[in-house]
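Listed here are the chains, written in short residue letters.
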Amino acid sequence: MRPRRATVRLPNAWLPGADWADRYEVLVLSERMTAAEAAWRVLGSAPRWVRNLLCFRNRLVPLIGLNATADTRHSDLVASLPLMHSDDSQTVFGYDDHHLLFRLVVDVREGPADSQVVGMTTLVRRRSLLGRLYLAAAIPFHKAIIPSLLTAIERPD
């Protein structure tokens, strides 16, 4: 199945002050997994173009006063995003910076018949003009990256 965009309701418990959010979901027919397993599969197998883009981002953003958040020296993204919470149904990564607050929620829930829905919700609270400008520049890339990451669910190791 192809990832699809889904509705996000704000406020969200993981970032109550979020002023921007989006969500993508994919239906998984072949196996059951916990949120941590889904997060590892989705974020731990980022395509090379995504890793290269994040590496470029991490070289660029310090020049404009932002922190490089993902350590792309690692081959996986899970190890470079701070883990905030994990249980069977939700795994939450995030950070608080001076320009914005960020959360990435990977969740699993029952789907129709014997399937499971894996979702990724991105939550952002912009704290400054720089945060607003950064997010505006990042959104087109984000809309390509997240669905691409979710396709990893269909590529078991």
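Residues numbered from 1 in each chain as written. Predicted model: local features only at pLDDT ≥ 70, side-chain atom pairs only at ≥ 80, totals over all residues. Heavy atoms only, no water.

Tell me about the packing of helix H2 (residues 48-60) against helix H3 (residues 129-150), residues and numbers included.
Axis separation between H2 and H3 bottoms out at 11 Å; the angle between their running directions is 160°. The orientation of H2 relative to H3 falls into the category roughly antiparallel. Pair H2 / H3 crosses with left-handed handedness. In this structure, H2 uses Trp49, Val50, Leu53 and Arg57 to contact H3, whose residues at the interface are Tyr134, Phe141, Ala144, Ile145 and Ser148. (Axes fitted to C-alpha atoms, helices over the stretch in contact; angles between N-to-C directions. Helix = DSSP H or I, 4+ residues; strand = E, 2+ residues; numbered from the N terminus. Parallel < 35°, antiparallel > 145°, perpendicular 65-115°, else oblique. Left-handed = near helix turned anticlockwise from the far one by under 90°. Contact = heavy atoms within 4.5 Å.)

Just give me the short version of a nonpolar patch on the surface, but keep the residues and values in it.
Side chains of Phe56, Leu60, Leu63 and Ile64 sit close together on the surface and give an oily, nonpolar patch of about 440 Å² of accessible area. Looking at the element boundaries, Leu60 is found in helix H2. By relative accessible area, which is 42% here, Leu60 ends up partly exposed. (Patch = residues over 30% accessible without salt bridge, like charges linked within 9 Å, V, L, I, M, F, W, Y side chains within 5 Å. Areas by Shrake-Rupley, 256 points an atom, 1.4 Å probe, with all protein chains shown as cover. Salt bridge = Lys/Arg side-chain N within 4 Å of Asp/Glu carboxyl O. Buried < 20%, exposed > 50% of the residue type's maximum accessible area, 1.4 Å probe, protein only.)

Quick one: what's the story with the pairing of strand S3 (residues 83-86), residue by residue and with numbers?
Pairing analysis gives 3 bridges linking S3 to strand S4 (residues 90-96), with the strands arranged antiparallel. Paired with Leu83 across the two strands is Phe93, which belongs to S4. If you look at the hairpin formed by S3 and S4, you'll find 3 residues sitting between the two strands. (Pairing = 2+ DSSP bridges.)

Describe in detail the confidence of the model for the protein, supporting the description with residues and values.
Taken residue by residue, the protein gives an average pLDDT of 85. The fraction at 70 or more is 87%. Between residues 70-76, whose pLDDT stays under 50, and residues either more than four places distant or in other chains, the model counts 13 contacts. (pLDDT = per-residue confidence, 0-100.)

So, the layout of surface pockets: which residues are in play, and what are the values?
The computed volume of the largest pocket comes to approximately 740 Å³. Lining the largest pocket are 32 residues, with Leu54, Arg57, Tyr134, Ala138 and Ile145 positioned closest to its centre. For the lining of the largest pocket, the secondary-structure elements that each account for two or more residues are H2, strand S5 (100-110), strand S6 (116-126) and H3. The dominant element in the lining of the largest pocket, judged by the number of residues it contributes, is H3, at 11 residues. For the lining of the largest pocket, the residue count by class is 28 nonpolar, 3 polar and 1 charged. A volume near 220 Å³ is recorded for the second largest pocket. In this structure, the second largest pocket is lined by Thr7, Val8, Arg9, Pro11, Asn12, Trp14, Arg23, Gln90, Val105, Asp107 and Thr121. (1 Å grid on protein atoms, 1.4 Å probe; cavity = no way out; pocket = protein on both sides within 12 Å on 5 of 7 lines; lining within 4 Å. Points joined across faces, edges and corners; volume = space filled by probe spheres on them. Nonpolar A, V, L, I, M, F, W, Y, C, P; charged D, E, K, R; others polar.)

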